[in-house]
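# Descriptive structure summary
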Amino acid sequence: MQLSLVNGTLQNEAIFFDNQQVYDVRRSGVVPGEGIDNTEALRNALTQAAALGLPVKLPEGVIEYSPATVNDMLITTTSIIGSGKSTVLRCTNENGNRSLILINGSNITISNFSFESSFLTGNRPENNTAFKVEPPVGSETVWENIEFSNLWFKNFSGGNILLKHVAKSRVYNIYSHTSGADIVHVTGNSKDITVDSVYSVMAGDDTVAVIGYTAGNVQGQPQNIKISNVTVVDSWHGRGVTVVGGKNVQITDVLVDGCDGAGILISSEAGTYNTFGNSNILISNATLIRAGKGGASGALHVLGRAGYITENIQIQNVKIISSNWRGLSLSGTIYAKNISVENLEVDGTPSSQGILINSTNTRLKNITVANTAGIGIAYEPAVSGYLEIDGLYGRNVNLASESGTGLLLNIANNASSPLTRLSLDNMHLVEQSVGAARETFQIPSNLAPKTKFGSNLTTVVPGPTDLGYESFNLGLPFYNINLTTITTSPWIYQNTSGYEQWVYLRAGTLSDIEISHNGTDFYSVGSAKRNIALKNGYSIRVTFSVKPTEIKIKPVSLI
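Every value quoted in this text rests on a predicted model; they were computed, and no experiment measured them.

Analysis parameters
- Residues numbered from 1 in each chain as written.
- Predicted model: local features only at pLDDT ≥ 70, side-chain atom pairs only at ≥ 80, totals over all residues.
- Heavy atoms only, no water.
- Pairing = 2+ DSSP bridges.
- Helix = DSSP H or I, 4+ residues; strand = E, 2+ residues; numbered from the N terminus.
- 1 Å grid on protein atoms, 1.4 Å probe; cavity = no way out; pocket = protein on both sides within 12 Å on 5 of 7 lines; lining within 4 Å.
- Points joined across faces, edges and corners; volume = space filled by probe spheres on them.
- Nonpolar A, V, L, I, M, F, W, Y, C, P; charged D, E, K, R; others polar.
- Buried < 20%, exposed > 50% of the residue type's maximum accessible area, 1.4 Å probe, protein only.
- Phe/Tyr/Trp six-rings, centres within 6.5 Å; stacked < 30°, edge-to-face > 60°.
- Lys NZ or Arg CZ within 6 Å of the ring centre and 35° of its normal.

On to the pairing of strand 27 (residues 328-349), then. Summarising the sheet, strand 25 (residues 300-303) and strand 27 pair through four bridges and their orientation is parallel. By the bridge assignment for strand 27, L303 is matched with S331. Bridge count between strand 26 (residues 310-321) and strand 27: ten bridges; the pairing is parallel. From the neighbouring strand, V318 faces strand 27, where its bridge partner is L344.

Structure, rendered in structure tokens:
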């Protein structure tokens, strides 16, 4: 039992709360109630509790404080425990000036109360973050075992929780309404941090941010960060979850419904912020609704930059609905690489592509793109590398255009930096409400020798011929035979393209169609069949009395 001397009499300084000895701040003169300034009483309580090795206990009610200067701001080296949501710690300074409480030490818990400020102008005055955990400037110390839990924040013109150079710590059950900066911000050499169950409404910046700066007193790359169960509602500025310069970060179970920037951003930034790149990032089980920013970022945006590579990114089980711009954007050319996306659904983009890919070594599997104003997937190969797509399903894509090419997939031509490998399979345009005849899949001819096509590619969009072949323009040679060169029967053609072809014979009076594997020994397939599959190296011989009115050659793998 802790005792102290008061007016010559020993007094018990501790009370028990949840079977734990705590220091009741009322012992130091804190009086709950509006209009009562408890700045000095709180300072004394924090000092006394720390000296006794006890956590501070806040009672129910409103506890107001208003530090007059920066030097008057509150600092704690001990834990602060409230009595639930009805315990309200409130800074009454205009616009939340000097609301900051600095956490100075390890093994500290901040838990179980509400924290309010006044957010009037939308500015970010100095020292208006709620809590900051930061070792002294210039120190190599990293504070450890910090916990923030069961906290309700309201009207902070700054952020809520800032962790700088912190390790082995946990943030969970955080509720925030109206802020001007990040709700939870992890930076510096922070590592082994868990952020779980964060709910924000009207955030003025990122709800959860992991930032690795390359310079300054915050220099360092956060790593081994786990972020889960984040809900963002109607953010008025910033992003939902951001990793800008992080390593080994897991982001799971995220819901964003209304966001002025990307719902999830993985990036490296230059200029004022100047951050590291990113590596080993997992994004799993996210729903992003009304996220993204027109002309700036997709709902889910991955970006790298020169010197600071973003790599080894795994995205799985994500739904993007009614994006404010692109659904998914993978950008950075050689500075964004080794990215896999599996089980992604993009439904609704107002003025751009459903998905933009400008990254190196990218794999897509089980992707659905629907109701996009622009092309379903636009790939802009600025570098070598590979693109693999296995499972692409489109519904009502490129709705803003009644003409043009590449409804579902359009790969731009870049002869100077072509892909080294392109693999496509299980791609289907299953529904299209509007659109003139045009290609469903378009790939430039310089990629043809490096492309592996699966056999399962379909479209509901008719092409400009009765075959509908023009629905597939994959850059492989296709052409009409010049009929003026056919003067006598039979007509013989050998496939030397390097891949299997279709030979289409329109009209004419034909008596026999024959196939040969060696150009010498032919066998008949009859005269009625007009679409003939011809393997590479094989020949076709057509006997006629009236030659066909059209002979068209097409790659067989496009059907």
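Turning next to empty space enclosed by the protein. Using the criterion set out here, one finds one cavity of 30 Å³ or more in the structure. In this structure, the largest cavity encloses a volume near 60 Å³. Residues of the lining of the largest cavity, tallied by class, amount to nine nonpolar, no polar and no charged.

Another aspect to go through is unusual backbone geometry. A cis geometry characterises the amide bond from S489 onward to P490, with omega recorded as 0°. Along the chain, the position of P490 falls in the loop between strand 37 (479-480) and strand 38 (491-494). Unlike most non-glycine residues, N229 shows phi in positive territory, near 55°. Looking at where N229 falls in the secondary structure, it is placed in strand 20 (residues 223-233). In this structure N229 comes out as partly exposed when scored by relative accessible area, which is 36%. Its identity as a non-glycine residue notwithstanding, N361 has a phi of 60°, on the positive side. As for its position among the elements, N361 is in strand 28 (residues 355-372). What makes N361 buried here is its relative accessible area of 18%.

Scanning all chains against the criterion turns up ten aromatic pairs. Taken together, a centroid distance of 5.1 Å and an interplanar angle of 55° make the contact between F115 and F131 tilted. Placement of F115 in strand 11 (residues 108-116) and of F131 in strand 12 (residues 131-133) is noted, with a sequence separation of 16 residues between them. For the pair shown, F115 and F131 are each scored as buried. Pairing F115 with F153 gives two aromatic rings, centres 6.3 Å apart and planes at 40°, and the pair type is tilted. With F115 in strand 11 and F153 in strand 14 (residues 146-156), this residue pair connects regions lying 38 residues apart in the sequence. Just as F115 is buried, F153 falls in that class too. An aromatic cluster is defined as three or more aromatic residues linked by ring pairs; in this entry it consists of Y65, F113, F115, F131, F148, F153 and F156. The side chain of R170 reaches across the aromatic face of Y172, ending 3.8 Å from its centre.

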